[in-house]
Amino acid sequence: MDEQQKLQEFQDRIDAGEKIEPKDWMPERFRKQLVRMMSQHAHSEIIGMLPEGNWITRAPSLRRKLALLAKVQDEAGHGLYLYSGAETLGVSRDEMIDDLLSGKAKYSNIFNYPTQTWADIGVIGWLVDGAAIVNQTMLAKSSFGPYARANLRICKEESFHRKQGHEIIATMMKGTPAQRKMVQDAVNRWWWPTLMMFGPPDDNSPNSNELIRWKVKTKTNDELRQSFIDRTVEEAHDMGIEIPDPDLRYNEETKHWEIGEINFDELYRVVTGNGPMNKKRMAARRKAHEEGRWVREAAEAYAEKQKLKEKKAS
Ligand code: FAQ
């Protein structure tokens, strides 16, 4: 079969709703796009542990501390599913981590903002995990098998994360005026960056057309953003929270909430290393990587020793 026929057969399989598995033939560009997305997604989960990890020692009760510890640990697990999935495409974990630590690889914009109060932890669960679920429920139907399966599992865990965030916020909104103010202040700071998590608008999203043709993505950035806005605005109003957007209005005809203009310059600034916390996040990640070196070396030495033992025994 020549390249053109292979491409056609590949597209036919995708159009028929089949999953592409690691050993199947795939265009090099498909492989590259998947490595890009899956590694960025994995890095986001790992860097995403930092803003919340910052509050584990300051959680207001033992129950809250336990839930937050478990959530942050889950994010590490998500990183592992995704790195393992990406490895099936022939890229090594070391290469992906090197790209993150050298600043070559991107990770989600949202983790470059500071967590200033306890309300930020609730808002991350409610808004950030809420946005991640909308995006990842779509990715759980992705045409690449390992990515779809990783997202399916991630979404189940993220639903708990969203619930714990929502519960923190709903509890604080029933508390004192100072607690309600703290929630509103956190929403004011996290609302717009959360909307940016869905990526640039469709007419300025260089990867979308290709990813949609290959059913890696089945919905566009703007479609997903809108679906998040519609469900979240209603929840905010139910809890007595104001959305910090003077242009927000409900369109009776389309049955959608319409928002004001998103400052996408801020998104580009943050994802190219110039957000409020980029340097701190990368410094913390590099330090953790260095401090964990002896653990990786010890684990490798142990595995090597086990292999030798097995060889001797056989
Ligand atoms: N942040 O052409 P498009 C989580 C980049 S996990 C950074 O539209 P595409 C869990 C994009 O990479 C959250 N960069 O790109 C958690 C591209 O640059 P490149 C992470 C962004 O791929 C919760 C360029 O802009 N989730 O939250 C962003 O079609 C709580 C042009 O963009 C995923 O990674 C951004 N927001 O769509 C953990 C999901 N947006 O690579 C802890 C998988 C765009 O060409 C606590 N990824 N860029 O140099 C995706 O769904 C997609 O890749 C998008 C971007 C939607 C992020």
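The structure under discussion appears in the preceding block.
This is a predicted model, so every value here is computed, not measured.

Conventions we followed
- Residues numbered from 1 in each chain as written.
- Predicted model: local features only at pLDDT ≥ 70, side-chain atom pairs only at ≥ 80, totals over all residues.
- Heavy atoms only, no water.
- Helix = DSSP H or I, 4+ residues; strand = E, 2+ residues; numbered from the N terminus.
- Rg over C-alpha atoms; globule rule 2.2 N^0.38 Å.
- Buried < 20%, exposed > 50% of the residue type's maximum accessible area, 1.4 Å probe, protein only.
- Core = buried A, V, L, I, M, F, W, Y, C linked by side-chain atoms within 4.5 Å.
- Contact = heavy atoms within 4.5 Å.
- Expected span 1.5 Å × (residues − 1).
- Bend = angle between axes of the 7 residues up to and from the residue.
- Near = heavy atom within 4 Å.
- Polar contact = N/O pair within 3.5 Å; in protein donor to acceptor, adjacent residues only side chain to side chain.
- Areas by Shrake-Rupley, 256 points an atom, 1.4 Å probe, with all protein chains shown as cover.
- Nonpolar A, V, L, I, M, F, W, Y, C, P; charged D, E, K, R; others polar.
- Patch = residues over 30% accessible without salt bridge, like charges linked within 9 Å, V, L, I, M, F, W, Y side chains within 5 Å.
- Salt bridge = Lys/Arg side-chain N within 4 Å of Asp/Glu carboxyl O.
- Lys, Arg positive; Asp, Glu negative; His and termini not counted.
- Charge placed at Lys NZ, Arg CZ, Asp CG, Glu CD.
- Phe/Tyr/Trp six-rings, centres within 6.5 Å; stacked < 30°, edge-to-face > 60°.
- Axes fitted to C-alpha atoms, helices over the stretch in contact; angles between N-to-C directions.
- Left-handed = near helix turned anticlockwise from the far one by under 90°.
- Parallel < 35°, antiparallel > 145°, perpendicular 65-115°, else oblique.

Caption draft 1: Seen up close, the overall build of the chain. A count of helices and strands for the chain gives 13 helices and two strands. Relative to a compact globule of 314 residues, whose C-alpha radius of gyration would be 20 Å, the chain shows 21 Å and is just as compact. Dimensions along the principal axes, computed over C-alpha positions, put the chain at roughly 70 × 50 × 30 Å. Counting the 314 residues in the chain, one finds 47% classified as buried.

Caption draft 2: Highlighting unusual backbone geometry. Its identity is not glycine, yet Lys215 carries a phi of approximately 55°, on the positive side. In this fold, Lys215 is placed in the loop between α9 (208-213) and α10 (221-239). One non-glycine residue, Lys255, lies in the positive phi region at around 65°. Inspection of the secondary structure puts Lys255 in the loop between β1 (249-251) and β2 (256-258).

Caption draft 3: Geometry of the nonpolar core. In this structure, Phe30, Phe144, Trp190 and Ile241 are the most contacted members of the largest nonpolar core, which totals 78 residues. Per-element accounting of this core gives the leading share, 12 residues, to helix α6 (residues 118-139). Each residue touching Phe30, except ones within four places of it in the same chain, is listed here: Phe10, Ile14, Ile20, Ser143, Phe144, Trp214 and Val216.

Caption draft 4: Highlighting helix α8 (residues 177-196). Helix length check: α8, at 20 residues, gives a terminal C-alpha distance of 30 Å against a target of 28 Å (1.5 Å per residue), a fit within 8%. If you look at α8, its biggest bend is around 35°, right at Trp190, and the proline Pro193 turns up within four residues after that. Among the residues of α8, those classed as buried are Val183, Gln184, Ala186, Val187, Trp190, Trp191, Trp192, Pro193, Thr194, Leu195 and Met196. Contact partners of the buried residues in α8: α6, α7 (145-173), α10 and α11 (264-274).

Caption draft 5: Quick look at the site of the ligand. In the region of the ligand, 36 residues are neighbours, and Arg36, Gln40, Lys106, Ser205 and Lys217 sit closest. Here an oxygen atom of the ligand sits 2.6 Å away from a polar atom, N or O, in the side chain of Lys106. Within the backbone of Met196, a nitrogen or oxygen atom sits 3.4 Å from a nitrogen atom of the ligand. Across the complex, the protein chains shield 91% of the 1100 Å² of accessible surface that the ligand would expose by itself. Elements that contribute at least two residues to the shell around the ligand include exactly α2 (28-47), α4 (62-87), α6, α7 and α9. For the shell around the ligand, the class distribution of residues is 14 nonpolar, 13 polar and nine charged.

Caption draft 6: Broad picture of a negative patch on the surface. Together, Asp94, Glu95, Asp98, Glu297 and Glu300 make up a region of like negative charge exposed at the surface. At three residues, helix α5 (residues 93-101) tops the list of elements feeding residues into the negative patch. Here Glu95 shows up in helix α5. With a relative accessible area of 42%, Glu95 lands in the partly exposed category.

Caption draft 7: Highlighting the packing of aromatic side chains. Applying the stated criterion across every chain yields a total of 10 aromatic pairs. Aromatic pair Phe10 and Phe30: ring centres 5.0 Å apart, planes at 75°, arrangement edge-to-face. Here Phe10 is found in helix α1 (residues 3-15), whereas its partner Phe30 is found in helix α2, with 20 residues between them in sequence. Using a relative accessible area of 0% as the deciding quantity, one classes Phe30 as buried. Aromatic ring contacts, followed pair by pair, group Phe10, Trp25, Phe30, Phe144 and Trp214 into a single cluster.

Caption draft 8: Quick peek at the packing of α6 against α8. Running from N to C, α6 and α8 cross one another at 35°; their axes reach a closest spacing of 9 Å. The way α6 lies across α8 gives a crossing that is right-handed. Contacts from Trp118, Ala119, Asp120, Val123, Ile124, Trp126, Leu127, Val128 and Ala131 of α6 reach α8 at Met182, Val183, Ala186, Val187, Arg189, Trp190, Trp191 and Thr194. Class assignment for the residues of the contact of α6 with α8 results in 14 nonpolar, one polar and two charged.

Caption draft 9: Here's a closer look at the packing of α2 against α7. At a closest axis distance of 12 Å, the pairing of α2 and α7 adopts a crossing angle of 25°. In terms of axis orientation, α2 runs roughly parallel to α7. Read as a crossing pair, α2 and α7 show a hand that is left-handed. Contacts between α2 and α7 pair Leu34, Met37, Met38, His41 and Glu45 from the former with Tyr147, Asn151, Ile154 and Glu158 from the latter. A breakdown of the residues in the contact of α2 with α7 according to their chemical character gives five nonpolar, two polar and two charged.

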